[in-house]
Amino acid sequence: MRTSSSSMNRRAFLGAGAATGALLGAAGGLTLATSAQAAAPLAGKPLVGAMRRKVGDFEVTALLDGYLDVEKGLVIGYDDAEAKRLRDAAFIEGEAVRIPVNAFLINTGDKLVLGDAGTSSALGPTLGHLTEPLAAAGVTPDQIDAILITHMHPDHLFGVLDGEGNKVFPNAELLLPEADKAFWYDDAIMGGAPEQMRAFFEGARRAADAYQDRQTLFSGDSEIVSGVRPLALPGHTPGHHGFVIDSNGETLIIAGDILHMAPYQFANPDWGIAFDVDSAQATATRKKFFDQMATDRVMFAGSHAPFPGFGYVGREGNAYRFVAADWPYSL
Ligand SMILES: [Zn+2]
């Protein structure tokens, strides 16, 4: 009896034979032995992460700052059996879910605007790489005109300063959600927060203070940069916002931390993360957003959606699924 693996091997063998034949036919005498000479030293690290797409007359480039491994102890609503089922379905080994940290460069044609700024050195060496994909996109930090911050957490805001506390973006105006600044600057709230959260408050204040001379607080939904308006998505933090980009009939919603763990939260939108300031509100906001996105079929970009983070929310019964956006540019 033929097993499925032997039939796979047979197909693979036949495929390789056909490919070799085609090569020989095309190159006339090229042998397989020569391909060994193409070996090069292994790089031992990933290429920088940058992916550009067009949104109307704008270009939006996803910039990978790095990644975080989310252990199960950080997941609110976690259920062992369900989590294991979802990790198996997503081909994840072990119990942690690795999530990217994406920021987004918006080129409006006359302004270069960052949507979030990465982490800098705040959370270790797997993060803080934002300026590498930025350079790959052909942009230097001093060219950035404005930085829109979804919320004042380390992986979104702290990258405005380098490891020594100097401004990374010397010519940029920093736009912060007013409700988040009020929260992170509230001494009473900081005093009552767990000890390990103090660094979040102190770092947020340090980053914002450094840009005090060019800083704007936003609320409401009026345009803050030409073609870009804020969208309140409260819960993860009180002032957590997305950004709606509208250009020439096309829309992209940068949705910040509407989700953290794609393998878990599309199937279970009521699961949260320990960093949610108001877990119930974060869940309600996520469910409303997913429902709206699945109905409107608008593209969104998530800070922690699989890199480059561009995709759609598909409906699946009472749950949802992430649908990655297709290849962004026609060549
Ligand atoms: Zn985040």
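Rules and cut-offs
- Residues numbered from 1 in each chain as written.
- Predicted model: local features only at pLDDT ≥ 70, side-chain atom pairs only at ≥ 80, totals over all residues.
- Heavy atoms only, no water.
- Donors = N, O, S within 2.8 Å, 3.2 Å for Na, K, Ca; no water.
- Helix = DSSP H or I, 4+ residues; strand = E, 2+ residues; numbered from the N terminus.
- Buried < 20%, exposed > 50% of the residue type's maximum accessible area, 1.4 Å probe, protein only.
- Lys, Arg positive; Asp, Glu negative; His and termini not counted.
- Salt bridge = Lys/Arg side-chain N within 4 Å of Asp/Glu carboxyl O.
- Polar contact = N/O pair within 3.5 Å; in protein donor to acceptor, adjacent residues only side chain to side chain.
- Contact = heavy atoms within 4.5 Å.
- Pairing = 2+ DSSP bridges.
- Axes fitted to C-alpha atoms, helices over the stretch in contact; angles between N-to-C directions.

## Some remarks on the coordination of the zinc ion
- All of the protein donors around the zinc ion are D155 (OD), H156 (NE2), D257 (OD) and H304 (NE2); their distances to the metal are 2.1 to 2.3 Å.
- All donors of the zinc ion belong to a single chain; written as a sequence motif, their spacing is D-H-x100-D-x46-H. Residue D155 is found in helix α4 (residues 154-157), and its partner D257 is found in the loop between β11 (250-254) and α8 (262-265); the two are separated by 102 residues along the sequence. The two residues D155 and D257 agree in class, both being buried.

## Structural notes on the side chain of D180
- Note that D180 resides in helix α5 (residues 178-184).
- No salt bridge is formed by the buried D180; the nearest opposite charge belongs to R205, separated by 12 Å.
- Within the structure, the side chain of D180 is placed 2.7 Å from the backbone nitrogen of G239, a separation counted as a polar contact.
- What D180 contacts, discounting residues up to four positions off in sequence, is H151, M152, T237, P238, G239 and H240.

## A look at the pairing of strand β15 (residues 319-324)
- Sheet analysis places strand β14 (residues 310-316) next to β15, joined by six bridges and oriented antiparallel. From the neighbouring strand, G314 faces β15, where its bridge partner is R321.
- Counting the residues in the hairpin turn of β14 and β15 gives two residues, including G317, whose phi is positive at 65°.

## Overview of the sheet that holds strand β4 (residues 97-107)
- The sheet built from seven strands is open, its strands ordered β1-β2-β4-β5-β6-β7-β8 with mixed pairing. Looking at strand neighbours, the two that pair on one side only are β1 (50-55) and β8 (215-218), the edges of this open sheet. With strand direction ignored, the average angle separating the axes of adjacent strands in the sheet is 25°.
- Direction of pairing for strand β5 (residues 112-115) relative to strand β6 (residues 146-148): parallel, over a ladder of three bridges. Residue pairing across strands places V113 opposite A146, the latter belonging to β6.

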